[in-house]
Every structure is written in C-alpha cells, then in structure tokens.
Amino acid sequence: MVGNTSGDATHLWRFPERDCTVLVPDEIIGAMRKMALSTKPRETGGTLVGHYSEDHRVAYVTGALEAKTGARKERARFYRPPDDVDGQLAKTYEESGGLTHYLGEWHTHPKAAPTPSPTDLSALRGLARSRSVATDTPFLLILGGDFEATSPTSCTLAEDSGRILDGFYEQKTLQEAGDIGRKAARPRPV
C-alpha cells in the first residue's frame, strides 16, 4: 500500500515467492491519481507499460495509459475492452524501439480500499493465461481512497498457473531504487 510520498519516491512491491519486484516512480502514481480525480466518483484505469530487467526479476513501470474508447467507467466497476488501449500500446512499443511494452493493468477504487475484487482477480488470471498478452505474469495496481494527496495502492501479480500473489510494499528514494536497478541487468528488446 502506498502511503505518504515525496517527489523523489519510488514505490516498489516485492514478491518473495517469485523473487521479483515491481518498481513504480512517484510521478507515475501521481499521473494515475490525476486521471482518477478527473473521473471521480467513477472508476477509471488502463494499461501499465515499461520494461523488465534482463533476468526478468524487476519490472520497471514507465507509463500508465488510460483506456478511453469503449471503456466503461462506473461507480463500482471499470471495464477496459480487450484492445491495445486505443492504439496507445502499439504506438508506445513502436516509439521505444521495442523496449517499452505491456506489463499489466491499473484501475481505481474511489473512496474504497485498493483490495482486488473477485472480478479483478478473475480478469488478472485470464490475462496471465492468455497467449495474446506479452507476459505470463501480469500485475494489477489498484489506487483507492480519495486521490487527493496520497492514495493507498496495492499490487497483485498473477501467474499463468492461476496463482495470485500480493506484493509487499516498500517506499524507496530514487537512489535506493537505482541501486535495485543496478543489481539487475539492463532492459533488452522484447
């Protein structure tokens, strides 16, 4: 869960069962909060993009795309149609030379805890098993609360076996997060 943040914060979730980590810079969480505020009291969401370390043990989130066309944003439900987020995903991949690609999903739970619902978990399992998704371990970030100054946030990862893992949250400075990144190899094209 994300608590108080500063401008140089990096949020990370560790998944010890898989010996992997998800890193999300504070500015990405901030961008998601802004999108959440613009649709409040309805839910919103979209796709998370970024890259993995060479050993695939660290996922670096570099962007949060908001689904618009065909998305249903209701008070207690968000639905993103099975597309590439209005062409944004393909464009992001192409502009990065194949280095930035799909990592997972994000959405909001306005004025509620960021706990994944049974529907959220079912959708995440489906993504992990899908042959058309670029990863067999997608993750879901959920922002809860009022989205003003801070937002409690959860990160849940699904394996293609159907197993669901909850991440253990830590907040690091950019320097500390950089140390984690230096321990992992540089990203490579997917």
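Residues numbered from 1 in each chain as written. Predicted model: local features only at pLDDT ≥ 70, side-chain atom pairs only at ≥ 80, totals over all residues. Heavy atoms only, no water.

As for the overall build of the protein chain
Thinking step 1. Looking only at helices and strands, the protein chain has four helices and 11 strands in total.
Thinking step 2. Within the protein chain, the fraction of its 190 residues that count as buried is 50%.
Thinking step 3. Restricting to contacts in the protein chain with at least 6 residues of sequence separation, those with at least 24 account for 65%.
Thinking step 4. Carbon and sulfur atoms make up 51% of the accessible area of the protein chain, which amounts to about 9,300 Å² in all. (Helix = DSSP H or I, 4+ residues; strand = E, 2+ residues; numbered from the N terminus. Buried < 20%, exposed > 50% of the residue type's maximum accessible area, 1.4 Å probe, protein only. Contact = heavy atoms within 4.5 Å. Areas by Shrake-Rupley, 256 points an atom, 1.4 Å probe, with all protein chains shown as cover.)

A closer look at unusual backbone geometry
Thinking step 1. Geometrically, the link from Lys40 to Pro41 is a cis peptide bond, its omega value of 15 degrees lying close to zero.
Thinking step 2. Note on placement: Pro41 falls in the loop between α1 (26–39) and β3 (45–52).
Thinking step 3. Positive phi is not limited to glycine here, since Asp19 has a value of about 55 degrees.
Thinking step 4. Along the chain, the position of Asp19 falls in the loop between β1 (9–15) and β2 (20–25).
Thinking step 5. Judged by relative accessible area, Asp19 falls into the partly exposed class, the value being 44%.
Thinking step 6. Not every positive phi belongs to a glycine, and Lys111 is a case in point at roughly 55 degrees.
Thinking step 7. Within the secondary structure, Lys111 sits in the loop between β7 (101–110) and α3 (118–129).

Describing the pattern of salt bridges
Thinking step 1. Overall, the coordinates contain seven salt bridges when judged by the stated rule.
Thinking step 2. Across the pair Lys40 and Glu148 runs a salt bridge whose closest N-O atoms are separated by 3.5 Å. Taken together, the residues span a long stretch of sequence, with Lys40 in the loop between α1 and β3 and Glu148 in the loop between β8 (139–145) and β9 (153–158) at a distance of 108 residues.
Thinking step 3. Within the structure, one salt-bridge network assembled from shared partners comprises Arg14, Glu170 and Lys172. (Salt bridge = Lys/Arg side-chain N within 4 Å of Asp/Glu carboxyl O.)

Structural notes on the confidence of the model for the protein chain
Thinking step 1. The predicted model of the protein chain has a mean per-residue pLDDT of 83, with 84% of residues at 70 or higher.
Thinking step 2. Note on residues 1–6: pLDDT under 50 across the span, and 21 contacts to partners over four residues away in sequence or across chains.
Thinking step 3. Here residues 184–190 is modelled with pLDDT under 50, and outside its nearest four sequence neighbours on either side it reaches 19 contacts, counting other chains as well. (pLDDT = per-residue confidence, 0-100.)

Re the sheet that holds strand β11 (residues 168–173)
Thinking step 1. Across the sheet, nine strands lie side by side as β10-β9-β8-β7-β3-β4-β2-β1-β11; this open sheet has mixed pairing. Each having just a single partner strand, β10 (164–166) and β11 make up the two edges of the open sheet. Averaged over neighbouring strand pairs, the angle between their axes works out to 30 degrees when direction is ignored.
Thinking step 2. With six bridges joining them, β3 and β7 adopt antiparallel strand pairing. Pairing of Val49 across the sheet is with Tyr102, part of β7. (Pairing = 2+ DSSP bridges. Axes fitted to C-alpha atoms, helices over the stretch in contact; angles between N-to-C directions.)

Section: the nonpolar core
Thinking step 1. Grouped together as the largest cluster of nonpolar side chains are 24 residues, with contacts concentrated most on Met32 and Phe139.
Thinking step 2. Of all the secondary structure elements, the ones that give two or more residues to this core are β1, β2, α1, β3, β4 (58–66), β7, β8 and β9.
Thinking step 3. Per-element accounting of this core gives the leading share, five residues, to α1.
Thinking step 4. Within the second largest apolar cluster, six residues are counted, among which are Val49, Leu65, Leu89 and Val133. (Core = buried A, V, L, I, M, F, W, Y, C linked by side-chain atoms within 4.5 Å.)

What to know about the side chain of Asp120
Thinking step 1. Checked against the element boundaries, Asp120 lands in helix α3.
Thinking step 2. A distance of 2.9 Å separates the side chain of Asp120 from the backbone nitrogen of Ser117, its partner in a polar contact.
Thinking step 3. The residues contacting Asp120, other than those within four sequence positions of it, are His107, His109, Thr115, Leu140 and Ile142. (Polar contact = N/O pair within 3.5 Å; in protein donor to acceptor, adjacent residues only side chain to side chain.)

Digging into α1
Thinking step 1. Taking 1.5 Å of rise per residue, the 14 residues of α1 would be expected to cover 20 Å, and the 20 Å separating its terminal C-alpha atoms lies within 8% of that figure.
Thinking step 2. The set of residues buried in α1 consists of Asp26, Ile28, Ile29, Gly30, Met32, Arg33, Met35, Ala36 and Thr39. (Expected span 1.5 Å × (residues − 1).)

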